[in-house]
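Observations on the three-dimensional arrangement
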Amino acid sequence: MSNTTAPLPTALRPLKRLAAFTSNLVLVLICMLGAIAFLYPFFLGRAETGFTAAHATTAPIFFALLGPALLIVLIAELSAGRLNTRMVAVLGVLTGVVAILRLPAGPGDSPTFFFLIILVGYTYGARFGFLLGALALLVSALLTGGVGPWLPFQMFVSGWMGMSAGLLGRLGKYLRAGGWVEIGFLSAFGYGWGFLFGGLMNLWFWPFAPPGELGWIPGSGLRETIQQYMTFYLVTSLAWDAVRAIGNAILIALLGRTVLKELRRFRDRFWFTVEDAPPS
């Protein structure tokens with residue numbers, strides 16, 4: 001069963017366009033909020049010193065803004081006809097699956113759940129991928145008791161992972177579905193995100209580390225800051241992120257073809273789009 005389209009009454013066209021615009025705008029604002037959350041300490045300096053004080057007051061604000069914004073995106077996608085109730089159900093199921101896959105978390109986080117966020121975003125698009133990544137990290141944190149000031153930052157980064165996979169999916173249209181080129185392409189993408197996830201997540205606490213050879217020195221220029229961070233990353237995170245990157249690549253290489261086949265089957269069965277009705 002292929003994707004179907006449902007005609008939209010003329011009177012509802014402005015509402016559909018407004019909903020689509022709202023969804024896109026809020027998603028852009030979410031990404032801007034995430035960038036601000038990670039980068040503001042470098043512009044304002046540190047109000048506190050020490051990991052335990054990192055974002056103690058700001059993290060709840062970011063989380064309070066992020067949660068309702070995700071809900072607005074979901075409702076706007078439904079109103080715009082880019083999602084339907086069946087696909088929302090699929091989103092709920094996939095969110096639960098990703099959360100469960102993260103349960104065997106170890107040092108450097110579990111490498112078992114990233115691959116599914118990437119494959120789903122690649123198949124269902126950037127907005128769906130962002131919603132899955134952010135919501136799955138929220139649910140997994142609630143299941144494992146991993147709620148802390150790091151949570152909104154994990155939601156931002158995992159959402160970006162799913163969103164970037166959705167943007168990558170536009171290139172995937174030129175590849176044979178399920179072919180080795182596509183799987184190799186996605187494995188390389190997952191490998192890169194294994195390092196990128198850790199590299200971005202370090203930034204939530206690194207500006208609050210005690211000054212020194214590995215910590216950020218306030219007042220440093222951009223070049224010096226990058227050099228300081230690279231030293232910190234190579235010493236503390238590279239090995240753990242390498243495990244995650246290799247795990248992503250292996251899981252996509254082994255399971256990617258089967259998972260993509262099932263994801264596409266559900267997409268073709270449940271996904272329909274609402275289009276403007278032709279003039280009578």
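Our structure is the block above this text.
Residues numbered from 1 in each chain as written. Predicted model: local features only at pLDDT ≥ 70, side-chain atom pairs only at ≥ 80, totals over all residues. Heavy atoms only, no water.

Concerning the overall build of the protein chain
Scanning the protein chain for helices and strands turns up nine helices and two strands. The helix and strand sequence of the protein chain, counted from the amino end, reads β-α-α-α-α-α-α-α-α-α-β. Out of the 280 residues in the protein chain, the part that is buried amounts to 49%. Put simply, of all contacts in the protein chain between residues at least 6 apart along the chain, 81% involve residues at least 24 apart. Carbon and sulfur atoms form 72% of the exposed surface of the protein chain, whose accessible area is close to 13,700 Å². (Helix = DSSP H or I, 4+ residues; strand = E, 2+ residues; numbered from the N terminus. Buried < 20%, exposed > 50% of the residue type's maximum accessible area, 1.4 Å probe, protein only. Contact = heavy atoms within 4.5 Å. Areas by Shrake-Rupley, 256 points an atom, 1.4 Å probe, with all protein chains shown as cover.)

Details of the environment of Val 157
Note on placement: Val 157 falls in helix H6 (residues 151-172). Residue classification places Val 157 among the buried positions, given a relative accessible area of 0%. Separated by 122 residues in the primary sequence, Val 157 and Ala 35 place their C-alpha atoms 10.0 Å from one another. Not counting residues up to four positions away in its chain, the partners in contact with Val 157 are Phe 38, Trp 193, Phe 197, Leu 200 and Met 201.

Notes on the nonpolar core
Ile 30 and Trp 160 are the most contacted members of the largest nonpolar core, which totals 72 residues. Once you skip the residues sitting within four places of it in the chain, Trp 160 turns out to touch Cys 31, Gly 34, Ala 35, Phe 38, Phe 130, Trp 193 and Leu 200. (Core = buried A, V, L, I, M, F, W, Y, C linked by side-chain atoms within 4.5 Å.)

So, a nonpolar patch on the surface
A surface patch of nonpolar side chains, amounting to about 650 Å² of accessible area, comprises Leu 214, Leu 222, Ile 226, Met 230, Leu 234, Val 235 and Leu 238. Looking at which element gives the most residues to the nonpolar patch, the answer is helix H8 (residues 222-236), with five residues. By the element assignment, Leu 238 lies in helix H9 (residues 238-270). With a relative accessible area of 32%, Leu 238 lands in the partly exposed category. (Patch = residues over 30% accessible without salt bridge, like charges linked within 9 Å, V, L, I, M, F, W, Y side chains within 5 Å. Salt bridge = Lys/Arg side-chain N within 4 Å of Asp/Glu carboxyl O.)

What about the packing of aromatic side chains?
One pass over the structure, following the stated rule, counts 19 aromatic pairs. An angle of 40° between the planes, with centres 6.1 Å apart, marks the rings of Trp 206 and Phe 232 as tilted. Of this pair, Trp 206 sits in the loop between helix H7 (180-201) and H8 while Phe 232 sits in helix H8, and the two are 26 residues apart along the sequence. Here the two residues Trp 206 and Phe 232 agree in accessibility, since each one is buried. Above the plane of the ring of Trp 180 lies Arg 257, whose end atom (NZ or CZ) is 4.4 Å from the centre. When the ring centre of Phe 266 is taken as reference, the NZ or CZ atom of Arg 265 above it lies at 4.9 Å. (Phe/Tyr/Trp six-rings, centres within 6.5 Å; stacked < 30°, edge-to-face > 60°. Lys NZ or Arg CZ within 6 Å of the ring centre and 35° of its normal.)

Overview of H9
Between its first and last C-alpha, H9 extends only 41 Å over 33 residues, short of the 48 Å set by a 1.5 Å rise per residue. Roughly 60° is the biggest bend found in H9, and it falls at Leu 255. (Expected span 1.5 Å × (residues − 1). Bend = angle between axes of the 7 residues up to and from the residue.)

Examining the packing of helix H4 (residues 114-124) against H7
Look at H4 against H7: their axes get within 10 Å of each other, and the N-to-C directions meet at 125°. What the angle tells us is that H4 and H7 run oblique. Our pair here, H4 against H7, has a crossing hand that is right-handed. Residues Phe 114, Ile 118, Leu 119 and Tyr 122 of H4 lie in contact with H7, whose contacting residues are Glu 182, Leu 186, Phe 189, Gly 190, Trp 193 and Phe 197. Considered class by class, the residues forming the contact of H4 with H7 number eight nonpolar, one polar and one charged. (Axes fitted to C-alpha atoms, helices over the stretch in contact; angles between N-to-C directions. Parallel < 35°, antiparallel > 145°, perpendicular 65-115°, else oblique. Left-handed = near helix turned anticlockwise from the far one by under 90°. Nonpolar A, V, L, I, M, F, W, Y, C, P; charged D, E, K, R; others polar.)

Points about the pattern of salt bridges
Applying the stated criterion across every chain yields a total of six salt bridges. The residue Arg 244 makes a salt bridge to Asp 241 at a minimum N-O spacing of 2.6 Å. Taken together, the residues Arg 244 and Asp 241, both in helix H9 and three residues apart, mark about one turn of the helix. We note that Arg 244, like Asp 241, is buried. The partner of Asp 268 in a salt bridge is Arg 267, with the nearest N and O atoms 3.5 Å apart.

No statement about biological role is implied by the geometric values presented.
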